[in-house]
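Read off the chains here:
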Amino acid sequence: MSSFSVPPPKCLQKPLAVPHRYMFGPGPSNVPSRILMAGINPVIGHMHPEIFEIMNDIKSGIQYMFQTQNNMTLAVSGTGHTAMECAIFNTVEPGDSVLSAVNGIWGERAADMAERIGRALSKYRPVVLFLAHGESSTGVLHPLDGIGQLCHKYGCLLLVDSVASIGGTPLFMDQQGIDILYTGSQKVLNAPPGTAPISFSERACQKVFNRRTKPVSFFLDLSWLANYWGCDGKPSRVYHHTGPVTAFYSLRESLAVLAEEGLEKSCERHEKVAEYFHAGLESMGLKLFVKEKKARLPTVTTIVAPHGYDWKEITTYIMKTHNLEISGGLGPSVGLVLRVGLMGCNSTKDNVDMVLEALKDALKHCHKSKV
Ligand code: PMP
């Protein structure tokens, strides 16, 4: 006879406790109460007409944020990685080659995802070129003008990761000839993590819907997602997966906040605040990791790890003493940089002053080696 032998855990008898914290790392960023409150609306069915209406609003909001008219625009249920895999799994078939521009960890990860499909490595005729517009690991903003046209000349799709950049710096999906663009909800949008906007151009759809093989993932199969998001022109939507409805509410609200401020104003604000921050860092004697001003991301700043200090001690001190998250490097930048993200509502001069104070304090109190 089977019986219930695992007792209820003691830890669950204590109430949930989550501290308030300044989220000034590379993400997630703070979620303002307006967006948080949207998420406490009642759960209704993921196939109810009111949810389809909310999904349609989200689609319009993403088209605005991405500056695109693409009909194939939706939000995948999952984080930035889910959108990344959605883009790659749907466009790449075994035998196809992919070119990944590596300017930090995200280019490396895109190459890893493409390799899992089992393509034959070939440096010729890639079907997709992957580029991270905002490389959050190195703080590099990659220019995009002209690349789409070049890709199309060679029959290649341009896939751009804008998880850490869009909304904080200008990006024009249609005008810049981007074929697949995705982002996450938890950075400039200030929504909780868990939904990831993505859009496919007509050219990308041609490739996706003329595949010889099924995509390796059922969950991320664009034919199914297109139907769930009402992008395939079919009269009815069928069940694919249970959409995270409360996450949709928050995402819709975050897109409404962005639309209210306007993209242009949001980008200007991020750029001004970043300049103010960068000047403040330099006046403290700290060095920016990205030397060329034009190549600096206005959303995530990388600071050369201060000489003689242990970067981990600095981030830990700031978290403990100032209740504020900043982080160290990621992938190729580990040990080389400190990273500060000021995104969406967090991008203000007051927050810059707070970070500068915390850094000054940390440099005063953390151990400095004599060498
Ligand atoms: N791309 C970039 C540029 C990112 O900064 C991140 C998140 N740090 C991701 C992709 C992955 O997003 P997620 O953590 O939401 O899966």
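The model shown is predicted, which means the values in this text are computed figures rather than measured ones. (Residues numbered from 1 in each chain as written. Predicted model: local features only at pLDDT ≥ 70, side-chain atom pairs only at ≥ 80, totals over all residues.)

Caption draft 1: Expanded view of the overall build of the protein chain. Within the protein chain one finds 11 helices and 13 strands. A globule of 371 residues ought to have a C-alpha radius of gyration of about 21 Å, and the protein chain, at 22 Å, matches this closely. Referenced to the eigenvectors of the C-alpha coordinate spread, the extents of the protein chain come out at roughly 65 × 60 × 50 Å. The buried share among the 371 residues of the protein chain stands at 46%. Contacts spanning at least 24 positions in sequence make up 74% of the contacts within the protein chain whose residues lie at least 6 apart. (Helix = DSSP H or I, 4+ residues; strand = E, 2+ residues; numbered from the N terminus. Rg over C-alpha atoms; globule rule 2.2 N^0.38 Å. Buried ≥ 20, exposed ≤ 12 C-beta atoms within 10 Å, placed from the backbone. Contact = placed C-beta atoms within 7 Å.)

Caption draft 2: Broad picture of the nonpolar core. Core analysis: the biggest nonpolar cluster contains 89 residues, and Val76, Ala87, Leu129 and Leu159 have the highest contact counts within it. The leading source of residues in this core is helix H8 (residues 245–261), at seven residues. Setting aside residues up to four positions removed in sequence, leucine 129 forms contacts with Leu99, Ala101, Cys151, Cys156, Leu158 and Leu159. Counting residues in each nonpolar core, the second largest holds seven residues, with Val140, Leu141, Val163 and Leu297 among its members. (Core = buried A, V, L, I, M, F, W, Y, C linked by C-beta atoms within 7 Å.)

Caption draft 3: A look at the UniProt feature "modified residue: N6-(pyridoxal phosphate)lysine" (unreviewed entry) in the protein chain. Annotation from UniProt places "modified residue: N6-(pyridoxal phosphate)lysine" (unreviewed entry) at Lys187. On the secondary structure map, lysine 187 appears in the loop between strand E8 (180–182) and strand E9 (195–200). Not counting the four nearest positions on each side in its chain, lysine 187 is found in contact with Gly27, Ser29, Val163, Ala164, Thr299 and Met343. (UniProt positions renumbered as here; feature names shortened; annotations may be inferred.)

Caption draft 4: Seen up close, the sheet that holds E8. Across the sheet, six strands lie side by side as E2-E9-E8-E7-E4-E3; this open sheet has mixed pairing. The open sheet has two edge strands with one neighbour each: strand E2 (72–77) and strand E3 (98–100). Neighbour to neighbour, the strand axes of the sheet diverge by 20 degrees on average, direction disregarded. Bridge count for strand E7 (residues 157–161) against E8 is three bridges, and the pairing is parallel. What sits directly across from leucine 159, in E8, is isoleucine 180. Sheet strands touched by helix H2 (residues 49–66): E2, E8 and E9. Its angle to E2, the strand with the most contacts, is close to 110 degrees. (Pairing = 2+ DSSP bridges. Axes fitted to C-alpha atoms, helices over the stretch in contact; angles between N-to-C directions.)

Caption draft 5: Representation of the domain arrangement of the protein chain in the model. Taken domain by domain, the protein chain holds domain 1 (22–27 + 262–365) and domain 2 (33–259). Placing a centre on the C-alpha atoms of domain 1 and another on those of domain 2 gives a separation of 27 Å. Mapped by element, the contributors of at least two residues to the side of domain 1 that touches domain 2 are helix H9 (263–283) and strand E10 (300–304). A total of four residues in the side of domain 1 that touches domain 2 trace back to one element, the largest contributor, which is H9. Class assignment of the residues belonging to the side of domain 1 that touches domain 2 gives a composition of 13 nonpolar, 11 polar and two charged. (Domains from an automatic or database assignment. Nonpolar A, V, L, I, M, F, W, Y, C, P; charged D, E, K, R; others polar.)

Caption draft 6: Inspection of the environment of threonine 195 at higher detail. Considering the arrangement of structural elements, one finds threonine 195 in strand E9. Look at threonine 195 and you get buried, because 27 C-beta atoms sit within 10 Å. Separated by 116 residues in the primary sequence, threonine 195 and threonine 79 place their C-alpha atoms 5.5 Å from one another. If near-sequence neighbours (up to four positions away) are discounted, threonine 195 is found in contact with Ala75, Ser77, Ser185, Pro244, Ala247, Phe248 and Leu251.

Caption draft 7: View of the site of the ligand. Neighbouring the ligand are 14 residues; Thr79, Gly80, His81, Ser136 and Val163 lie closest to it. Partitioned by chemical class, the residues of the shell around the ligand number six nonpolar, seven polar and one charged. (Near = placed C-beta within 6 Å.)

Caption draft 8: A look at the packing of H9 against helix H11 (residues 349–365). Close contact between H9 and H11 brings their axes to 9 Å; oriented N to C, the two are set at 25 degrees. By the angle between their directions, the pair H9 and H11 is classed as roughly parallel. In the packing of H9 onto H11, the handedness of the crossing is right-handed. Taking contact as the criterion, the partners of Val273, Tyr276, Phe277 and Gly280 in H9 are, on H11, Lys349, Val352 and Leu356. Taken together, the residues of the contact of H9 with H11 break down into five nonpolar, one polar and one charged. (Parallel < 35°, antiparallel > 145°, perpendicular 65-115°, else oblique. Left-handed = near helix turned anticlockwise from the far one by under 90°.)

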